[in-house]
Amino acid sequence: ECPPEHASLGSLKEFISKLPTREGWSGPIVLYKDYWFRPQLLENILLAQKNYNPRSEDIILATQPKSGTTWLKALSFTIINRSHYGFSDHPLLTRHPQHVVPFIEIPLKGKHISYVESLPSPRLLATHMPLSFIPAVSNQQSYRVVYICRDPKDVFVSRWYFENKIFDDVKLDMGNTFDMFCQGISPYGPFWSHFLEYWKASIETPERVMFLKYEDLKSDPVQVVKKLAHFFSVPFTREEEAGGVLEQVVKLCDFETLASLKVNQNGETRHDNKIQIDNSVFFRKGTVGDWVNLMSEEMGARLDQIVQDKLQGSGLTF
Ligand code: A3P
């Protein structure tokens, strides 16, 4: 099941081309170690698994796509770097949140996949990989991970719009993609396996893995920002709390602020190898419960039931 050791790019591609494949999303997805991936992204992941040398000081922001990656990147970057930047000339006013925190497995435009190795510690990185795919640190001290998940109904809807938007020639079939999503056959799916890996690790080693929900961040962002700062070992001081710094962090990173910035409306595009994505595509509505505008009540109930069954006994609920 594993690609050959020291595989060349050509043999990696060949390995991937022989994996079980399904059509239905924009382009094929392939099954590798019980997860579905776009072939190009799986290639990146396999390369990253060789190139990425984890360091115990690393902080990794992990998500299923469309669960709040952009938001978590903005918040974490702002919290960690708050002693360096003022709010009036903050990097996020002129740089897209996706660009300030690089993915381990998705190279930034013009950069090689090994770019993250050139960054000084402590590194703030991101990934969509399942937890079991991230290389472990060889010594006892592990890196820290923050995972954010979101109600799968809203994830599905967000993904559906995203895929229809980034590929001009794509018009996804709603019923078919929904069926596939429910069966776990979606990019980085099954979504429940992805959730559960991180969820279990957050219970076993809470000092190592912090588990968040998009909905909690929406309803009480100040509280979550406080928890994040604590987890990052840069808690807010009493003076900062009294001076309203937490609220300033929340405001800078909220949907309305970020979506209204020029850089996020029509700034440069991001290329992850071949795919070109407009910056604005990462900001659509940013609300909880938008699924009702695309899905029927029956579809919502069906997905809820699947989620309940799959998460049963884990303690994780939506
Ligand atoms: P919607 O499509 O429901 O609007 P990701 O960043 O993981 O790709 O997720 C994208 C989703 O997060 C989109 O959801 C997007 O609008 C929303 N989003 C982006 N920035 C946000 C922010 N600052 N606050 C809340 N939601 C945000």
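Residues numbered from 1 in each chain as written. Predicted model: local features only at pLDDT ≥ 70, side-chain atom pairs only at ≥ 80, totals over all residues. Heavy atoms only, no water.

With an unreviewed UniProt entry as reference, the protein is termed Sulfotransferase, source organism Oryza brachyantha. The record held by UniProt for the protein lists under Sequence similarities (unreviewed entry) the comment "Belongs to the sulfotransferase 1 family." (UniProt positions renumbered as here; feature names shortened; annotations may be inferred.)

(A) Spatial organisation of the side chain of serine 76. Among the structural elements, serine 76 can be located in helix α3 (residues 69-80). A polar contact of 2.8 Å, which involves the side chain of serine 76, links it to the backbone oxygen of leucine 72. The contact partners of serine 76, leaving out residues within four places of it in the chain, are Leu61, Leu124 and Phe232. (Helix = DSSP H or I, 4+ residues; strand = E, 2+ residues; numbered from the N terminus. Polar contact = N/O pair within 3.5 Å; in protein donor to acceptor, adjacent residues only side chain to side chain. Contact = heavy atoms within 4.5 Å.)

(B) Structural detail: the site of the ligand. Residues in contact with the ligand amount to 19 residues; listed here are only the nearest, Lys66, Thr69, Thr70, Ser158 and Lys285. Taking arginine 150, its side chain carries an N or O atom lying 2.9 Å from an oxygen atom of the ligand. Side-chain polar atom of serine 158 to an oxygen atom of the ligand: 2.6 Å apart, as the coordinates give it. Its free accessible area being 560 Å², the ligand has 98% of it covered by the protein chains. For the shell around the ligand, the secondary structure elements donating two or more residues are α3 and α12 (255-260). Residue contributions to the shell around the ligand peak at 3 residues, all from α3. By residue class, the composition of the shell around the ligand is 8 nonpolar, 6 polar and 5 charged. (Near = heavy atom within 4 Å. Areas by Shrake-Rupley, 256 points an atom, 1.4 Å probe, with all protein chains shown as cover. Nonpolar A, V, L, I, M, F, W, Y, C, P; charged D, E, K, R; others polar.)

(C) Fine view of the pattern of salt bridges. Scanning the entire structure with this criterion turns up 14 salt bridges. In this structure, aspartate 290 engages lysine 285 in a salt bridge whose closest nitrogen and oxygen atoms are separated by 2.7 Å. With a relative accessible area of 7%, aspartate 290 lands in the buried category. Residue classification places lysine 285 among the partly exposed residues on the basis of a relative accessible area of 39%. Members of the salt-bridge network, linked through shared partners, are Arg38, Arg159 and Glu163. (Salt bridge = Lys/Arg side-chain N within 4 Å of Asp/Glu carboxyl O. Buried < 20%, exposed > 50% of the residue type's maximum accessible area, 1.4 Å probe, protein only.)

(D) Molecular detail of the pairing of strand β1 (residues 21-25). With 3 bridges joining them, β1 and strand β2 (residues 27-32) adopt antiparallel strand pairing. Paired with arginine 22 across the bridge in β2 is isoleucine 29. The hairpin formed by β1 and β2 contains 1 residue between the paired strands. (Pairing = 2+ DSSP bridges.)

(E) Main features of the sheet that holds β1. With antiparallel pairing, 3 strands are arranged side by side in an open sheet as β1-β2-β3. Edge positions in the open sheet fall to β1 and β3 (35-37), since each of these has one partner strand only. In this sheet, neighbouring strand axes are inclined to one another by 35° on average, regardless of whether the strands run parallel or antiparallel. When β2 meets β3, the two strands line up antiparallel, connected through 3 bridges. (Axes fitted to C-alpha atoms, helices over the stretch in contact; angles between N-to-C directions.)

(F) Highlighting the packing of α3 against helix α11 (residues 245-253). One way to put it is that α3 packs onto α11 with a least axis distance of 9 Å and a crossing angle of 145°. Relative to α11, α3 is oriented so that their crossing is right-handed. Touching Trp71, Ala74, Leu75, Thr78 and Ile79 of α3 are Val249, Leu252 and Cys253, all from α11. In the contact of α3 with α11, the residues fall into 7 nonpolar, 1 polar and no charged. (Left-handed = near helix turned anticlockwise from the far one by under 90°.)

(G) Seen up close, the environment of tyrosine 161. In this fold, tyrosine 161 is placed in helix α5 (residues 152-166). Between the alpha carbons of tyrosine 161 and proline 102 there is a distance of 24 Å; along the sequence they are 59 residues apart. Contact partners of tyrosine 161, with chain neighbours within four places excluded, come to Arg284 and Leu294.

(H) Structural detail: the packing of aromatic side chains. Taken as a whole and judged by the stated rule, the model has 22 aromatic pairs. Measuring from centroid to centroid gives 5.3 Å for phenylalanine 156 and phenylalanine 178, while their planes differ by 75°, and the two rings are edge-to-face. Residue phenylalanine 156 is located in helix α5, and its partner phenylalanine 178 is located in helix α6 (residues 174-182); the two are separated by 22 residues in the primary sequence. Assigned by exposure class, phenylalanine 156 and phenylalanine 178 land together as buried. A network of ring pairs unites the aromatic residues Trp25, Phe156, Phe178, Phe181, Phe191, Trp192, Phe195 and Phe318 as a single cluster. Sitting over the ring of phenylalanine 103, lysine 73 keeps its end group 3.7 Å from the ring centre. Arginine 82 extends its terminal NZ or CZ atom over the ring of phenylalanine 236, reaching a point 4.0 Å from the ring centre. (Phe/Tyr/Trp six-rings, centres within 6.5 Å; stacked < 30°, edge-to-face > 60°. Lys NZ or Arg CZ within 6 Å of the ring centre and 35° of its normal.)

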